[in-house]
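For reference, the chains in residue letters:
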Amino acid sequence: MSVIPLVFTSGWASGINAYAVVLLLGVFGATGVFDEVPAALQRTDVLIVAGVLFLCEAIADKIPYVDSVWDTAHTVIRPVAGAVIAALLAGESGSLPELAAGAIGGSTALMSHLVKAGTRMAVNTSPEPFSNVAMSVAEDLGVAGVVTFAIFNPVAAAVIAAVLLVLGIVTVVFLASRIRRFLHRRAQRREEKRLAGTGAHWPPG
C-alpha cells in the first residue's frame, strides 16, 4: 500500500504538535504495534527528547500569549519535522521517493501550523484563559487520535486530516479580524517597550 496517506496525516499532525507525532510513532514502533516505523524514531534518546519537549509544549501551549510565542518559534521546526518524518516513513516503506514524501509532509505541516498559529492568535484576543486550555487539549487529543487511527486505517485517517485542515483554513479566514487585532496589540506592546527602553537612557530633567 502507498505510504502517501500516512505521510499526509503525519504532516498534518506535525504542524500541530511535532513532538507528539515523534513520540507516538516511536512508541508504536518500539512496542511492535506498527512494524513500518523507522528505526531512527524508535531510539531511546529520541523518545526521551521528544517526551521532554512534548511536556514543554503541553505547558506552553495552554498559557495565553506564551502559546503564540511558542508557535512563532516553531514556524520552521514543525514543517521541517513534518518533512523529516515523512521522508523517514517513505524510506522505510519504499513505495514513495523520500524527496516527494518530504515535500508532502513539510508543506502539509506548514499549512496546519499556520492554521494553529492563526487560531491561537484569535483566541488570545479573549480576556479569559480557558479557551487556550480547551484548544490545546482538543489539539493534543486530535493529534493522538488521528495518528493512532492512521496506523490501522491510513486512508480514512488521511481523509479526516484533510477535512480538519480545510475546516481550520475556513476558521482562520472567518477569524481574520481577531487575528489582525492580536497582531496590532502585539505591535503596540513592542512599540511601548521600545519607547520605554529609549526613554530610560535619557538623563533626568
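Residues numbered from 1 in each chain as written. Predicted model: local features only at pLDDT ≥ 70, side-chain atom pairs only at ≥ 80, totals over all residues. Heavy atoms only, no water.

(A) Structural context of the overall build of the protein chain. A count of helices and strands for the protein chain gives nine helices and zero strands. Listing each helix as α and each strand as β along the protein chain from the N terminus yields α-α-α-α-α-α-α-α-α. Dimensions of the protein chain, computed from the C-alpha atoms along their principal axes, are close to 75 × 35 × 30 Å. For the protein chain, with 205 residues in total, the buried portion stands at 42%. Considering only contacts in the protein chain between residues 6 or more positions apart, those separated by 24 or more positions represent 74%. Working note: accessible area of the protein chain is about 10500 Å², and carbon and sulfur atoms make up 74% of it. Side-chain charges of the protein chain comprise 14 positive and 14 negative groups, with the mean position of each set lying 14 Å from the other. (Helix = DSSP H or I, 4+ residues; strand = E, 2+ residues; numbered from the N terminus. Buried < 20%, exposed > 50% of the residue type's maximum accessible area, 1.4 Å probe, protein only. Contact = heavy atoms within 4.5 Å. Areas by Shrake-Rupley, 256 points an atom, 1.4 Å probe, with all protein chains shown as cover. Lys, Arg positive; Asp, Glu negative; His and termini not counted. Charge placed at Lys NZ, Arg CZ, Asp CG, Glu CD.)

(B) How the structure looks around the packing of aromatic side chains. One pass over the structure, following the stated rule, counts one aromatic pair. An angle of 20° between the planes, with centres 5.5 Å apart, marks the rings of Y65 and F182 as stacked. Of the two residues, Y65 is situated in the loop between α3 (44-60) and α4 (66-73) and F182 in helix α9 (residues 176-199); the sequence distance between them amounts to 117 residues. Judged by relative accessible area, Y65 falls into the partly exposed class, the value being 27%. (Phe/Tyr/Trp six-rings, centres within 6.5 Å; stacked < 30°, edge-to-face > 60°.)

(C) Quick peek at helix α1 (residues 4-30). Between its first and last C-alpha atoms α1 spans 22 Å; for 27 residues at 1.5 Å apiece the expected length is 39 Å, and the helix comes up short by more than 12%. Along its length, α1 shows its largest kink, about 125°, at N17. Counting buried residues in α1 gives 22 out of 27 residues, a clear majority hidden from the surface. G32 lies just past α1 and shows a positive phi near 85°. (Expected span 1.5 Å × (residues − 1). Bend = angle between axes of the 7 residues up to and from the residue.)

(D) Inspection of helix α8 (residues 154-174) at higher detail. The terminal C-alpha atoms of α8, which comprises 21 residues, lie 30 Å apart, in line with the 30 Å expected from a rise of 1.5 Å per residue. By the burial criterion, the buried members of α8 are P154, A157, A158, A161, L165 and G168. Buried residues of α8, seen end-on, are gathered within an arc of 100° and therefore sit on one face of the element. In this structure, α8 carries V170, V173 and F174 as exposed residues pointing more than 90 degrees from its buried face. Looking at the packing, one finds that the buried side of α8 touches α1, α6 (98-123) and α7 (130-152). (Arc of directions from axis to C-beta.)

(E) Representation of the pattern of salt bridges. Applying the stated criterion across every chain, the model contains ten salt bridges. Where E57 meets R78, a salt bridge forms, and the shortest distance between an N and an O atom there is 3.0 Å. Taken together, the residues E57 in helix α3 and R78 in helix α5 (residues 77-93) connect sequence positions 21 residues apart. Judged on exposure class, the residue E57 and its partner R78 are both buried. (Salt bridge = Lys/Arg side-chain N within 4 Å of Asp/Glu carboxyl O.)

Treat this as a map of the structure, not an account of what it does.
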